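Understanding the architecture of this molecule
Residues per chain, in single letters:
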Amino acid sequence: MKIWQKNYFFTALLFTAVLFACVGILIAPVIRGTLSSARDAALLEEKSIAGIYDTMFLRETERKDSKSERDPELNRIAMERFAAYYAEGGSYLRIEANGDDPLLNTLPFDLPAMPGSLRWVRENGQTYIAIGDDLGQGKTLTYIKDVSDVGAAAWRQGITAIGICFLLCLLVNAALYSTMLRINRPLSRLAHELRTPLTAIRGYGELLAIGNLSEQQRHSATSYIVSECDRLKDIVGKILTMNDKSGILRERIPLEALQQHMEWTWPSVAVRREGDAAYGDRSLLISLLDNLIGNAEKAGSTETTLTLASDLFVVQDRGCGMTEEQLAYANDPAHHPLPQNVRSGLGIPLCHEIAAAHHAVLRYESKIGEGTTVTFRFYNSETSR
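Because the structure is a prediction, the values reported are computed rather than measured.

Quick look at the packing of aromatic side chains
Think of a pair of aromatic rings as described by two things: how far the centres are apart, and how the planes are tilted against each other in angle. The tally for this structure, following the rule as stated, stands at six aromatic pairs. Relative to Tyr177, the ring of Tyr8 lies with its centre 5.1 Å away and its plane at 75°, an arrangement referred to as edge-to-face. Taken together, the residues span a long stretch of sequence, with Tyr8 in helix α1 (residues 3-62) and Tyr177 in helix α3 (residues 148-193) at a distance of 169 residues. For Tyr177, a relative accessible area of 31% corresponds to the partly exposed category.

Following this line, the structure appears as structure tokens:
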């Protein structure tokens, strides 16, 4: 994994952790507020029920005036209607006296008596608030309130917050990855493209250091080093601004001069010239040819030929050739990515971008054991500039 990818993963992980922590801190009070409101409403209703029962039933039985005493059957019917009214709203009651059988019970499930306490209960997929109360005279009230809707609302709030965090992380991390990739891509290209001219400069520098050269050879080597230094300076700016097509030159390039340069750089390559000049950016086209020939050398080519014409460049080698998978990648690296260990040529994507910058077409043809032919066809007339 490259260092910029490590930095990206660390940054993305840190951002994700901080975002989820911040949203958790913000959403937790909201969820607690929702549940607290449900709890307070249940407490208020339970106190109201206890007060009504005390007024209608308990105190009524304490009255000494026999004329005001209720018929037990009427009392039972009134209590049942009282409980049924609250049951319609999702509130259920159980009233017990001295541990005997309940005087009233509409609870949807069994629950132990718990005077003076409140707790959340999960039963049969539903959420309830359970409250126990002492009614006096040995009677206890167990009250439960169905708050499944409130629990579902709190759950939805949490899931929504997590979903928003996840979506935001995806968007921000994708944008971060794209930005870091755009920053790193030209630097990777630059590191790749500097190798060939630097190797040539080093070679001619070592040749000059030997000192056993004629004046003409010394002059040629010095001129080549100066030329390559100028090209290095030019190519740094070109590669770093490759996406800005306004920085691409459309100048006349004498093919004779280009032939001489390639023969100096790649003495083992047979260079043929068929025309006078081509039009394009000299530095980028030299980088293109260096990449194509360099890839041929890496493929073990025993014979490499470069043809320079006014409307096309052709590099033909007698190397190991490419598989169908590698060939598909070579012709369309953006849509046919290969694992790093089977890629053929680190500069292939750059070659395609140079072709696109020149409104040209780059095409690979290859057979295993026979070699590869690369054709670079581009506009070359005055009207195409």
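As for the nonpolar core
For soluble globular proteins, the rule of thumb is that nonpolar side chains tend to be buried together. By size, the foremost hydrophobic cluster in this structure holds 34 residues, and its most contacted members are Leu306, Phe313, Tyr364 and Phe376. Elements supplying a minimum of two residues to this core: α6 (255-265), α7 (282-298), β9 (304-309), β10 (312-317), α8 (324-331), α9 (348-357), β11 (361-367) and β12 (371-377). Core analysis: the next-biggest nonpolar cluster, separate from the first, contains 18 residues, Ala42, Tyr53, Phe82 and Ile129 among them.

Points about the sheet that holds β9
Strand order in the open sheet made by the five strands is β7-β9-β10-β12-β11, with mixed pairing throughout. Strand pairing shows two members of the sheet lacking a second neighbour, β7 (270-274) and β11, which therefore form its edges. Geometrically, the sheet is characterised by an average inter-axis angle of 10° between neighbouring strands, direction not taken into account. Where β10 meets β12, five bridges bridge the pair, whose relative direction is antiparallel. Its bridge partner lying in β12, Val315 is registered against Val374. Where α7 meets the sheet, it contacts β9, β10, β11 and β12, and its direction lies at approximately 15° from that of β10. The strands touched by α9 within the sheet are β11 and β12, with β11 carrying the most contacts at an inclination of about 140°.

A few points about the pairing of β10
Most of β10 is tucked away: five of the six residues are buried. Summarising the sheet, β9 and β10 pair through five bridges and their orientation is antiparallel. Its bridge partner lying in β10, Thr307 is registered against Val314. Between β9 and β10, which pair antiparallel in sequence order, lie two residues.

The rules behind the values
Residues numbered from 1 in each chain as written. Predicted model: local features only at pLDDT ≥ 70, side-chain atom pairs only at ≥ 80, totals over all residues. Heavy atoms only, no water. Phe/Tyr/Trp six-rings, centres within 6.5 Å; stacked < 30°, edge-to-face > 60°. Helix = DSSP H or I, 4+ residues; strand = E, 2+ residues; numbered from the N terminus. Buried < 20%, exposed > 50% of the residue type's maximum accessible area, 1.4 Å probe, protein only. Core = buried A, V, L, I, M, F, W, Y, C linked by side-chain atoms within 4.5 Å. Pairing = 2+ DSSP bridges. Axes fitted to C-alpha atoms, helices over the stretch in contact; angles between N-to-C directions. Contact = heavy atoms within 4.5 Å.

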